[in-house]
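So the chains spell out like this:
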Amino acid sequence: MRTVIIAGNWKMNTTPADAGELAREIARRTRIDGVVRILCPPFVCLDVVRAALASPEVASPAGSGVWVGAQNVHHALAGAYTGEIAAPMLVGLADWVIVGHSERRRDAGETDAQIAAKLANAWNAGIRPILCVGEVLADREAGQAEAVVQGQVRGALAGASIPSAATTSSGGPDGAAGLPWLTIAYEPVWAIGTGRNARGSDAAAMAAAIRRVLDDLGIESSTIPILYGGSVTSANIDEFLAEPAIDGALVGGASLKVDEMAGIVARAGLTAQARAAVRHGASDAPRP
Ligand code: PEP
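What counts, and at which threshold
- Residues numbered from 1 in each chain as written.
- Predicted model: local features only at pLDDT ≥ 70, side-chain atom pairs only at ≥ 80, totals over all residues.
- Heavy atoms only, no water.
- Helix = DSSP H or I, 4+ residues; strand = E, 2+ residues; numbered from the N terminus.
- Expected span 1.5 Å × (residues − 1).
- Contact = heavy atoms within 4.5 Å.
- Near = heavy atom within 4 Å.
- Polar contact = N/O pair within 3.5 Å; in protein donor to acceptor, adjacent residues only side chain to side chain.
- Areas by Shrake-Rupley, 256 points an atom, 1.4 Å probe, with all protein chains shown as cover.
- Nonpolar A, V, L, I, M, F, W, Y, C, P; charged D, E, K, R; others polar.
- Pairing = 2+ DSSP bridges.
- Axes fitted to C-alpha atoms, helices over the stretch in contact; angles between N-to-C directions.
- Buried < 20%, exposed > 50% of the residue type's maximum accessible area, 1.4 Å probe, protein only.
- Right-handed = clockwise from strand over helix to strand, strands pointing away.
- Salt bridge = Lys/Arg side-chain N within 4 Å of Asp/Glu carboxyl O.

Undergrad: Which residues make up helix 7 (residues 145-157), and what values do they have?
TA: The terminal C-alpha atoms of helix 7, which comprises 13 residues, lie 18 Å apart, in line with the 18 Å expected from a rise of 1.5 Å per residue. Considering only its buried residues, helix 7 is in contact with helix 4 (102-107), helix 5 (112-124), strand 5 (128-133), helix 6 (137-141), strand 6 (183-186) and helix 8 (200-216). Looking at the residues trailing helix 7, positive phi occurs at G159, about 80°.

Below, the structure written as structure tokens:
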């Protein structure tokens, strides 16, 4: 069974003065079994967020803590790249990292080759990547959405050496046994930060298209969580979680709001319970 994941991308928001308290408050309000929660603050807030989440008042029982992720990692390991952060620098600060976010593809011109190198560097550092893919509106209107997204998946993952499920990394709330070494976030660019979310059925169709490419590449697609991202809120998350092909969400704007995160993770918790119950053959599971 795939992990249900809710990851918050804080983007260029919060400061070291306020990020710890926000992280603590989100952790307190989202203690739900069965959901992997990840907060991705700006680089300069990683340390304070990690410390806040390790404090006894929010550190949860086994396996249910909140993980820390970075929002980017450089494609090189060291060198003359002013202002950049390499994977080895993140060790001890982040257990997850967002790779290939559309804002970086757009603003920093990230290429498939660079994104592939970022993934490899993250894995070598023991950091779990969330690979973002998604089409722009013109691609969708031209009927090219699937082809574009499948091309991004191929570009990032052809020839990739993904660590085996059994490989462990240190750090995080309670060790990382069983957590995926690759998560993919389908984020249609036209839905990011616009208040205009995709339909659940479209996200599910794209998840199926992504899994076809993974299988083609020899990556066991049934083990790879696929998240939806793009204007997710507590009011629309159910539409995505109702799709068995979708395993959670990458949340931007709403992840800065404690009440929103509480609502989103609560819904994800119901989904996780329902999926676990189906797996165990129970019939009286709560429906998502
Ligand atoms: C994102 O940044 O990945 C994102 C999905 O943003 P938002 O939820 O604000 O659309």
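Undergrad: Can you break down the site of the ligand residue by residue, with the values?
TA: Around the ligand, a shell composed of 14 residues is seen, among which K11, E187, G193, S231 and G253 lie nearest. The separation between an oxygen atom of the ligand and a polar side-chain atom of N9 is 3.2 Å. With the chains in place, 95% of the 290 Å² that the ligand exposes on its own is no longer accessible. Here the shell around the ligand is composed, by residue class, of 4 nonpolar, 8 polar and 2 charged.

Undergrad: With reference to specific residues and values, describe the sheet that holds strand 8 (residues 248-251).
TA: Strand order around the closed barrel formed by 8 strands is 1-2-3-4-5-6-7-8, with parallel pairing between neighbours. This sheet shows a mean twist of 25° between the axes of neighbouring strands, independent of strand direction. Sitting on the sheet, helix 10 (residues 258-279) is in contact with strand 1 (4-9), strand 2 (35-40) and strand 8, with an inclination near 165° to strand 1.

Undergrad: Before we move on, could you go through the pairing of strand 1 and cite the residues and values that matter?
TA: Counting buried positions along strand 1 yields 6 of 6 residues, so the element is predominantly enclosed. Residues V4, I6 and G8 line one face of strand 1 and the alternating positions I5, A7 and N9 line the opposite face, and both faces are buried. The pairing of strand 1 with strand 2 spans 6 bridges and is classified as parallel. The residue of strand 2 that forms the bridge with N9 is C40. For the crossover from strand 1 across helix 1 (residues 19-29) to strand 2, the handedness is right-handed. Bridge count for strand 1 against strand 8 is 4 bridges, and the pairing is parallel.

Undergrad: Please set out helix 8 residue by residue, giving values where relevant.
TA: For helix 8, with 17 residues, the first-to-last C-alpha span of 24 Å sits near the 24 Å given by 1.5 Å per residue. The complete set of buried residues in helix 8 reads G200, A203, A204, M206, A207, A209, I210, R211, V213 and L214. Those residues of helix 8 hidden inside the fold are in contact with strand 5, helix 6, helix 7, strand 6, strand 7 (226-229) and helix 9 (237-241). A positive phi of about 85° marks G218, the residue just after helix 8.

Undergrad: Which residues make up the pattern of salt bridges, and what values do they have?
TA: Taken as a whole, this structure holds 17 salt bridges when the rule is applied. Across the salt bridge formed by R275 and D247, the nearest N and O atoms sit 3.2 Å from each other. Of this pair, R275 sits in helix 10 while D247 sits in the loop between helix 9 and strand 8, placing them 28 residues apart in sequence. Note on accessibility: R275 and D247 belong to one class, buried. One connected set of salt bridges, linked through shared partners, spans R2, R211, D247 and R275.

None of the figures reported here should be taken as evidence of function without further support.
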